[in-house]
Amino acid sequence: MKILVPVKRVIDYNVKVRVKADQTGVELANVKMAMNPFDEIAVEEAMRLKEAGIATEVIAVSCGTTACQEQLRTALALGADRAILVETDAAQAECLQSLAVAKLLKAVCDKEQPGLVLLGKQAIDDDANQTGQMLAALMGWPQATFASKVVLADGRATVTREIDGGLETLSMKLPAVVTTDLRLNEPRYATLPNIMKAKKKPMDVLKPAELGVDIVPRLTTQKVVEPAKRQAGVKVADVAELVAKLKNEAKVIA
Ligand code: AMP
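Just so we're clear, the structure is a prediction, and the values are computed from it rather than from any experiment.

Here's the deal with the overall build of the protein chain
From N to C terminus, the protein chain includes 7 helices and 11 strands. Principal-axis analysis of the C-alpha atoms places the extent of the protein chain at approximately 70 × 45 × 40 Å. Out of the 254 residues belonging to the protein chain, those deemed buried represent 40%. The long-range share in the protein chain, meaning contacts at least 24 apart out of those at least 6 apart in sequence, stands at 71%.

What follows is the structure in structure tokens.
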């Protein structure tokens, strides 16, 4: 069974994100980029399924500019067998929305016929949390989001999901879409020999037009602003002063 793992190139989670002066988006020039952390978890899970003899091939796919090859090479160094870049130009990449990505991934699924698509539950840049759900709908496949455990057997996936106040276990027929949550696994690091080997692994480059997909954005961004600055706190001398302030100034107690 083939597993398809979509990986997104995002701003590294350690970077303090800055809004562009013209409020059209966030600053990407000279910013450290990385694979979306939830996608690292998806790659790790796919590798574990391959090592267990359940998956036969793991294919990483990324949609965006040619720079996404960096994240695809990382997926290959972590063990993926081959990669697909669905290449756009920089202007298209800047406004590539979830629906467009889901349509591109559908076209790749139609071509590759994977038994499972393992995505991150959300990309840490836009926090959209919708590509996996949209892909499942477009494919007409079952989906299990926020997975903390995935077991594949007898043509079915049994997925434990983290929900408010507990865990839910779903069983669904393959092919299916699963999105990863933080506690699914702890991703491995790429070793130097595997980074070297990854350079020789195959990477196909496709264009959205070749896949017959229209990626024109359906939403427009009105403006992007920094979160409001937090006001400085004040020191109080004792509990009596604190209670008085809570009562008379903050008015949160009677
Ligand atoms: P989102 O719905 O944007 O929060 O993203 C959820 C997941 O969809 C990510 O963790 C990736 O697995 C996948 N994804 C989103 N955008 C892309 C992209 N441009 N290329 C490849 N995968 C993507």
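Some details on the packing of helix α4 (residues 98-112) against helix α5 (residues 131-139)
In the contact formed by α4 and α5, the axes pass within 8 Å of each other and the chain directions differ by 50°. Relative to α5, the element α4 is oriented oblique. Crossing angle aside, the handedness with which α4 passes α5 is right-handed. Contacts from S98, L99, V101, A102, K103, L105, K106, C109 and D110 in α4 reach T131, M134, L135, L138 and M139 in α5. Broken down by class, the residue content of the contact of α4 with α5 amounts to 9 nonpolar, 2 polar and 3 charged.

With respect to unusual backbone geometry
Going from L174 to P175, the amide bond is cis rather than trans, its omega being 0°. Phi angles above zero are rare outside glycine, and Q113 is one such case at about 50°. If you trace the backbone, Q113 turns up in the loop between α4 and β6 (116-120). Residue classification places Q113 among the exposed residues on the basis of a relative accessible area of 58%. At K251, a position not held by glycine, the phi torsion is positive, near 55°.

What about the site of the ligand?
D39, A123, N129, Q130 and T131 are the nearest of the 18 residues found near the ligand. Between the ligand and the protein, one listed contact pairs an oxygen atom with a side-chain N or O atom of N36 at 3.0 Å. In this structure, Q130 approaches the ligand through a main-chain N or O atom, which is 2.8 Å from an oxygen atom. Contact with the protein chains removes 98% of the 480 Å² of surface that the ligand exposes when unbound. Counting residues per element, the ones that place at least two in the shell around the ligand are β4 (57-64), α4 and β6. When residues of the shell around the ligand are assigned to their parent elements, the largest contribution, 3 residues, is made by β4. For the shell around the ligand, the per-class residue count stands at 8 nonpolar, 8 polar and 2 charged.

A word on the nonpolar core
The biggest cluster of nonpolar side chains holds 38 residues, and the ones touching the most others in it are I3, V5, V43, L116, L118 and V178. Considering each element in turn, this core owes the most residues, 7 residues, to helix α1 (residues 37-51). Not counting residues within four places of it along the chain, the set of residues in contact with V178 comprises L116, V117, L118, L119, A144, A147, V150, V159 and M172. By size, the runner-up hydrophobic cluster in this structure holds 26 residues, among which are V61, I84, L119 and A136.

Notes on α5
Among the residues making up α5, those that are buried are T131, G132, L135, A136 and M139. Along the axis of α5, the buried residues cluster in a sector spanning 135°; they form a single face. Buried-residue contacts for α5 involve α4, β6, β7 (143-153) and β10 (176-180). Count one or two residues on from α5 and you reach G140, which has phi positive near 75°.

Observations regarding the state of the cysteines
Throughout the structure, instances matching the rule amount to 0 disulfides. Free of any disulfide, C68 has its nearest cysteine sulfur in C63, 8.0 Å distant. On the basis of relative accessible area, C68 is assigned to the buried category, the value being 5%. With no disulfide of its own, C95 lies closest to C63 among cysteine sulfurs, the gap being 14 Å. The partly exposed category is assigned to C95, whose relative accessible area is 31%.

Basis of the calculations
Residues numbered from 1 in each chain as written. Predicted model: local features only at pLDDT ≥ 70, side-chain atom pairs only at ≥ 80, totals over all residues. Heavy atoms only, no water. Helix = DSSP H or I, 4+ residues; strand = E, 2+ residues; numbered from the N terminus. Buried < 20%, exposed > 50% of the residue type's maximum accessible area, 1.4 Å probe, protein only. Contact = heavy atoms within 4.5 Å. Axes fitted to C-alpha atoms, helices over the stretch in contact; angles between N-to-C directions. Parallel < 35°, antiparallel > 145°, perpendicular 65-115°, else oblique. Left-handed = near helix turned anticlockwise from the far one by under 90°. Nonpolar A, V, L, I, M, F, W, Y, C, P; charged D, E, K, R; others polar. Near = heavy atom within 4 Å. Polar contact = N/O pair within 3.5 Å; in protein donor to acceptor, adjacent residues only side chain to side chain. Areas by Shrake-Rupley, 256 points an atom, 1.4 Å probe, with all protein chains shown as cover. Core = buried A, V, L, I, M, F, W, Y, C linked by side-chain atoms within 4.5 Å. Arc of directions from axis to C-beta. Disulfide = S-S within 2.5 Å.

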